[in-house]
Amino acid sequence: MASSPRPGTGPTEEFRFPGNRLGLPEEGPGSVSGWGRRVLALFLDWLIAGLVASAITSQPLWAGGNDYSIAQLVTFFAMTAILTGLAGATIGHRVCGLRVVPVRPGSAGYTAQPGLLAGVIRAFLLCLLIPAVVYDRDRRGLHDRAASTVVVRR
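## Notes on a nonpolar patch on the surface
A cluster of nonpolar side chains, Leu40, Phe43, Leu47, Leu51, Leu61 and Trp62, forms an exposed patch at the surface whose accessible area comes to about 660 Å². Relative to the helices and strands, Phe43 resides in helix α1 (residues 35-57). For Phe43, a relative accessible area of 51% translates into the label exposed.

Structure, rendered in structure tokens:
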């Protein structure tokens with residue numbers, strides 16, 4: 001944030017660090033995830049979806065083509081929606097030490113699972129890509145805001 005010539009007019013208490021407004025810790029388990037882990041988790045999930053799509057279409061990963069691309073996108077959507085909604089993390093999230101938690105009053109300290117509807121909303125918007133790269137101060141993309149979720153460290 002821009003500094004002010006008057007002392008004591010820096011960032012407000014509300015915006016000290018990502019997740020502060022949500023009641024999350026600044027560091028450690030339960031804190032908002034950094035970008036590196038999130039991108040790595042996304043890459044791993046996309047690779048796994050590609051391997052499954054390769055088996056479904058009987059084409060190698062590098063072959064591409066419409067059948068393979070559609071199969072990979074559908075596999076990625078289904079895998080992300082179901083695993084995020086019911087287990088709170090995809091395979092990539094688990095490997096990278098992340099989880100997706102709901103942002104709701106009374107969600108037992110961010111330990112509850114998001115639910116299948118939130119998983120479907122989040123996965124659909126993630127497949128569109130644009131909502132994932134537009135984010136707020138708490139590092140929540142539009143897909144997270146629409147599903148009322150946040151990605152935190154395990």
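From this point, things continue past the structure.
## A look at unusual backbone geometry
Most peptide bonds take the trans configuration, and most residues that are not glycine carry a negative phi. Although it is not a glycine, Ser58 sits at a positive phi angle of roughly 60 degrees. Among the secondary structure elements, Ser58 is positioned in the loop between α1 and α2 (66-87).

## Looking at the side chain of Thr75
By secondary structure assignment, the location of Thr75 is in helix α2. At 2.6 Å, the side chain of Thr75 forms a polar contact with the backbone oxygen of Ala71. For Thr75, the contacting residues outside a window of four places in its chain are Ala49, Val52, Ala53 and Ile56.

## Structural notes on the side chain of His93
Within the fold, His93 resides in helix α3 (residues 91-95). A polar contact of 3.1 Å, which involves the side chain of His93, links it to the side chain of Thr90. Ignoring any residue separated from it by four or fewer positions in sequence, one finds His93 in contact with Ala41, Asp45, Leu98, Val100 and Arg122.

## Details of helix α4 (residues 116-128)
Compared with an ideal rise of 1.5 Å per residue, which puts 13 residues at 18 Å, α4 spans 19 Å between its outermost C-alpha atoms and is within 8% of the ideal. Among the residues making up α4, those that are buried are Ala118, Gly119, Arg122, Ala123, Leu125 and Leu126. Where α4 terminates, the next one or two residues include Leu129, which has phi positive at roughly 70 degrees.

So, how was this worked out
Residues numbered from 1 in each chain as written. Predicted model: local features only at pLDDT ≥ 70, side-chain atom pairs only at ≥ 80, totals over all residues. Heavy atoms only, no water. Patch = residues over 30% accessible without salt bridge, like charges linked within 9 Å, V, L, I, M, F, W, Y side chains within 5 Å. Areas by Shrake-Rupley, 256 points an atom, 1.4 Å probe, with all protein chains shown as cover. Salt bridge = Lys/Arg side-chain N within 4 Å of Asp/Glu carboxyl O. Helix = DSSP H or I, 4+ residues; strand = E, 2+ residues; numbered from the N terminus. Buried < 20%, exposed > 50% of the residue type's maximum accessible area, 1.4 Å probe, protein only. Polar contact = N/O pair within 3.5 Å; in protein donor to acceptor, adjacent residues only side chain to side chain. Contact = heavy atoms within 4.5 Å. Expected span 1.5 Å × (residues − 1).

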